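Geometric and topological summary
Here is how the chains run, residue by residue.
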Amino acid sequence: MKKRNYYQVQVQSSQRLTPTMQRLVFQGEDLQRFPHDTPAGSYIKLLFNQYGESFTDAPAENETVLMRTYTVRHADAKTGTLTVDFMLHGEGVESGPASHWAVNAKPGDTLYFGGPGTSKGLADERDWVLLMGDMTALPAISAQLENLPADTKGYAVISIEDADDKQALTHPDNVDIIWVENAGSDTLASSLAAIRWLDGTPAVWAACEFSSMRAIRSALDEQFDIPRSQVYVTSYWRKGRSEDQHKIDKREDLAQYNG
Ligand SMILES: Cc1cc2nc3c(=O)[nH]c(=O)nc-3n(C[C@H](O)[C@H](O)[C@H](O)COP(=O)(O)OP(=O)(O)OC[C@H]3O[C@@H](n4cnc5c(N)ncnc54)[C@H](O)[C@@H]3O)c2cc1C
């Protein structure tokens with residue numbers, strides 16, 4: 001990534017939103033050139049060195065850079081701030097540089113990031129919506145819910161680690177929020193059977209752990225007759241694999257799936 005594509009920001013505030021979610025708000029002059037109107041669910045790439053530390057100066061061409069992908073939870077042009085919600089997993093840098101950095105970040109700490117990138121959203125042609133995800137997708141689901149037309153119908157099914165990980169979400173009245181606790185890899189997929197399917201064509205969007213993603217995808221393909229154009233199901237991480245390894249697995253899986 002070229003230097004001019006990096007943004008240098010400082011932590012303005014850090015807050016434990018719920019037991020498993022840390023919210024960091026960033027500020028900095030570079031955010032003046034950040035596209036604040038980036039679509040809901042857009043992501044950025046946070047940069048860490050091989051020790052899991054953020055960079056205090058822009059990384060040199062020959063430096064090792066670990067990139068970790070996070071959703072833009074909120075970009076506020078008025079206050080010039082950017083909000084990112086980190087799902088916390090494990091203690092220590094070996095459990096993951098991004099999660100480790102986020103839990104220890106203090107106001108004034110510097111972070112470099114690249115982006116933003118946009119990911120696929122809900123299909124535009126639809127009678128109702130179904131959003132599904134684990135806590136890594138909660139920021140993307142929350143941002144999408146905030147942007148849906150007020151008359152949207154459907155469901156958001158979100159798996160959480162702890163009962164207190166529920167958040168107050170802004171959403172259309174007729175989109176029901178279903179929280180699923182202590183989820184295993186097939187819990188989100190199983191919850192499909194418990195949903196009262198609405199009339200018409202749904203648009204489905206799901207993001208979660210790799211095995212969960214595959215279970216949801218199989219369930220949608222085998223048990224529900226939804227055209228593939230109405231479905232976007234992706235993995236945001238994989239158990240036992242770093243983001244770099246997961247990226248390779250994801251590419252191979254997609255190539256196989258699309259056959
Ligand atoms: C488009 C996109 C948007 C994303 N947005 C967000 C977001 O807004 N918030 C967010 O928290 N995550 C988000 N993620 C997921 C995040 O990028 C991964 O969880 C990432 O692996 C975390 O990096 P790390 O350095 O903490 O761990 P890594 O170094 O990548 O992994 C180290 C170890 O931790 C495990 N691990 C990684 N993530 C988790 C997890 N969530 N739970 C349990 N174990 C885990 C891995 O399996 C591995 O064994 C997003 C991913 C994508 C692709």
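About the criteria used
- Each chain has its residues counted from 1, running along the sequence as written.
- In keeping with the predicted nature of the model, local features appear solely for residues at pLDDT of at least 70, side-chain atom pairs appear and are counted solely at 80 or more, and the whole-chain, interface and lining totals rest on all residues.
- Excluded from the side-chain calculations are hydrogens and water; all other atoms, namely the structure's heavy atoms, are used.
- To get an axis, fit a line to the C-alpha atoms, keeping to the stretch in contact for a helix; angles then go from 0 to 180 degrees between the N-to-C directions.
- What counts as a helix is a DSSP run of H or I of at least four residues, what counts as a strand is a run of E of at least two, and both are numbered from the N terminus.
- An angle below 35 degrees is treated as roughly parallel, one above 145 as roughly antiparallel, one from 65 to 115 as roughly perpendicular, and anything else as oblique.
- Contacts are assigned to residue pairs with any non-hydrogen atoms lying within 4.5 Å of each other.
- Only Asp, Glu, Lys and Arg are considered charged, only Ala, Val, Leu, Ile, Met, Phe, Trp, Tyr, Cys and Pro nonpolar, and every remaining residue, Gly among them, polar.
- Salt bridges are identified by distance alone: a Lys or Arg side-chain nitrogen within 4 Å of an Asp or Glu carboxyl oxygen.
- Throughout, exposure labels follow a simple rule: accessible area from a 1.4 Å probe, protein chains only, divided by the maximum for the residue type, with under 20% read as buried, over 50% as exposed, and the rest as partly exposed.
- Centres within 6.5 Å are what make two rings of Phe, Tyr or Trp a pair, Trp counting through its six-membered ring; a difference in plane orientation under 30 degrees is then read as stacked, over 60 as edge-to-face, and the rest as tilted.
- Both cavities and pockets are sets of points on a 1 Å grid over the protein atoms alone; in a cavity a 1.4 Å probe fits but cannot get out, in a pocket the set is open with protein on both sides within 12 Å along at least five of seven lines, and lining residues sit with an atom within 4 Å of a point.
- Grid points are joined across faces, edges and corners, and a volume is the space filled by probe spheres set on the points.

With that out of the way, let us pick up the packing of helix α3 (residues 187-194) against helix α4 (residues 210-223). Each pair of packed helices can be summarised by the angle the axes make with each other and by the distance between the axes. Axis separation between α3 and α4 bottoms out at 7 Å; the angle between their running directions is 30 degrees. Between α3 and α4, the crossing angle belongs to the class labelled roughly parallel. Contact with α3, carried on its side by L188, A189 and L192, involves A215, I216, A219 and L220 of α4 and no other residues of that element. Residues belonging to the contact of α3 with α4 are distributed by class as follows: seven nonpolar, no polar and no charged.

A word on the pattern of salt bridges. A full pass over the atoms with the stated rule returns nine salt bridges. Here R241 and D249 are joined by a salt bridge, their closest N and O atoms 2.9 Å apart. Residue classification places D249 among the buried positions, given a relative accessible area of 9%. Through salt bridges with shared partners, a single network forms among R214, R217 and D253.

A few words on helix α2 (residues 138-147). Most of α2 sits inside the fold, with eight of its ten residues counted as buried. Among the residues making up α2, those that are buried are L138, P139, A140, I141, S142, A143, Q144 and L145.

What follows concerns the packing of aromatic side chains. As enumerated under the stated definition, the model contains 13 aromatic pairs in all. Where W128 meets Y155, the ring centres are 6.1 Å apart and the plane angle is 85 degrees; that geometry is what we call edge-to-face. Of this pair, W128 sits in strand β8 (residues 128-133) while Y155 sits in strand β9 (residues 154-160), and the two are 27 residues apart along the sequence. Residue classification places W128 among the buried positions, given a relative accessible area of 1%. For Y155, a relative accessible area of 6% translates into the label buried. Taken together, a centroid distance of 5.1 Å and an interplanar angle of 85 degrees make the contact between W128 and W197 edge-to-face.

Another point: empty space enclosed by the protein. By the definition in use, this model includes one cavity of 30 Å³ or more. One number sums up the size of the largest cavity: a volume of about 30 Å³. As for the largest cavity, its lining consists of A40, G41, S119, K120, G121, Q144, W205 and Y236. Its residues assigned to classes, the lining of the largest cavity comprises three nonpolar, four polar and one charged.

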